[in-house]
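Secondary and tertiary structure notes
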Amino acid sequence: MPKFLLYPIFTTVFALILIVNVPKIEIRRLSIYGIIFGGIMDAMVHFFGYVTGLFAWTNYGPFGFIGVHIFADVTWSIFFILYFYFLPLQKPLNYLFACAGIFFSVLYYNLVIDMGILKTESRILLPLLGFVVWFSLATWGFYKLNAYIEGYSKP
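Read on for an overview of the structure.

What counts as what
Residues numbered from 1 in each chain as written. Predicted model: local features only at pLDDT ≥ 70, side-chain atom pairs only at ≥ 80, totals over all residues. Heavy atoms only, no water. Helix = DSSP H or I, 4+ residues; strand = E, 2+ residues; numbered from the N terminus. Rg over C-alpha atoms; globule rule 2.2 N^0.38 Å. Contact = heavy atoms within 4.5 Å. Areas by Shrake-Rupley, 256 points an atom, 1.4 Å probe, with all protein chains shown as cover. Phe/Tyr/Trp six-rings, centres within 6.5 Å; stacked < 30°, edge-to-face > 60°. Expected span 1.5 Å × (residues − 1). Buried < 20%, exposed > 50% of the residue type's maximum accessible area, 1.4 Å probe, protein only. Core = buried A, V, L, I, M, F, W, Y, C linked by side-chain atoms within 4.5 Å. Polar contact = N/O pair within 3.5 Å; in protein donor to acceptor, adjacent residues only side chain to side chain.

A separate point is the overall build of the chain. For the chain, the helix and strand inventory stands at 5 helices and 4 strands. Its C-alpha radius of gyration of 16 Å places the chain within 12% of the 15 Å reference for a compact globule of 155 residues. Dimensions along the principal axes, computed over C-alpha positions, put the chain at roughly 45 × 30 × 25 Å. Within the chain, counting contacts between residues at least 6 apart in sequence, those at least 24 apart form 75% of the total. Of the roughly 8,800 Å² that the chain leaves accessible, carbon and sulfur atoms contribute 75%.

Laid out in structure tokens, this is it:
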């Protein structure tokens, strides 16, 4: 199997997990947050990595554009829909949840390096720093944007 088919498989698995676990109405409600904080932020991060040479996709075959793997953006959008759906509103629990998300994202980052579809020089420090910033912005942004759009008070 060509390596460029691995990401469509990951995307399909994440999509099935989403469909099984999240009600359709919640998928619709959370899709904008997933697209903003998942797909768009992932595209910006990987464009930055491509420009600076810190990390880049490899073996993406016909599924890439200017150094960004198209399926990665879709997968991160799906992931953040799941993340926001299960994100607890209580203060200490949401911090623990974000830390768990960061930890597993670093593991996932290393998995795609080992599979040969991402190249980088840093396996721990760069992804850890990147995911801490990403998840912090995404969680904070979700709370603020959700409160603004849906009129909920700050948790």
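After presenting the structure, the write-up continues.
A separate point is the packing of aromatic side chains. The geometry of an aromatic ring pair is captured by two quantities: the separation of the ring centres and the angle between the planes. Applying the stated criterion across every chain yields a total of 32 aromatic pairs. Ring geometry for Tyr7 versus Tyr108: centroids 6.5 Å apart, planes at 85 degrees, classification edge-to-face. Highlighted residues: Tyr7 in helix α1 (residues 6-21) and Tyr108 in helix α4 (residues 91-114), separated in sequence by 101 residues. Seen from their ring centres, Phe14 and Phe79 are 6.4 Å apart, and the 75 degrees between their planes marks the pair as edge-to-face. Highlighted residues: Phe14 in helix α1 and Phe79 in helix α3 (residues 70-86), separated in sequence by 65 residues.

Along its 17 residues, α3 runs 25 Å from first to last C-alpha, staying within 8% of the 24 Å computed at 1.5 Å per residue. With 12 of 17 residues buried, α3 is to be regarded as a mostly interior element. All of the buried residues along α3 are Ala72, Asp73, Thr75, Trp76, Ser77, Ile78, Phe79, Phe80, Ile81, Leu82, Tyr83 and Phe84. Where α3 is buried, its residues contact α1, α2 (24-52), β1 (55-57), β3 (68-69), α4 and α5 (125-150).

Formed by 37 residues in total, the largest nonpolar core has its most connected members in Tyr7, Trp76, Phe80, Tyr83, Phe84, Phe131 and Phe142. Every element with two or more residues in this core is listed here: α1, α2, β1, α3, α4 and α5. Considering every element that reaches this core, the biggest residue donor is α3, with 9 residues. With residues near it in sequence (within four places) discarded, Trp76 still touches Tyr7, Gly34, Gly38, Gly39, Asp42, Ser105, Tyr108, Phe131 and Trp134.

Of note, Ser122 is situated in the loop between β4 (118-120) and α5. A distance of 3.4 Å separates a polar atom in the side chain of Ser122 from the backbone nitrogen of Leu125. Polar side-chain contacts of Ser122 include one of 2.9 Å to the backbone nitrogen of Leu126. Not counting residues within four places of it along the chain, the set of residues in contact with Ser122 comprises Tyr109 and Pro127.

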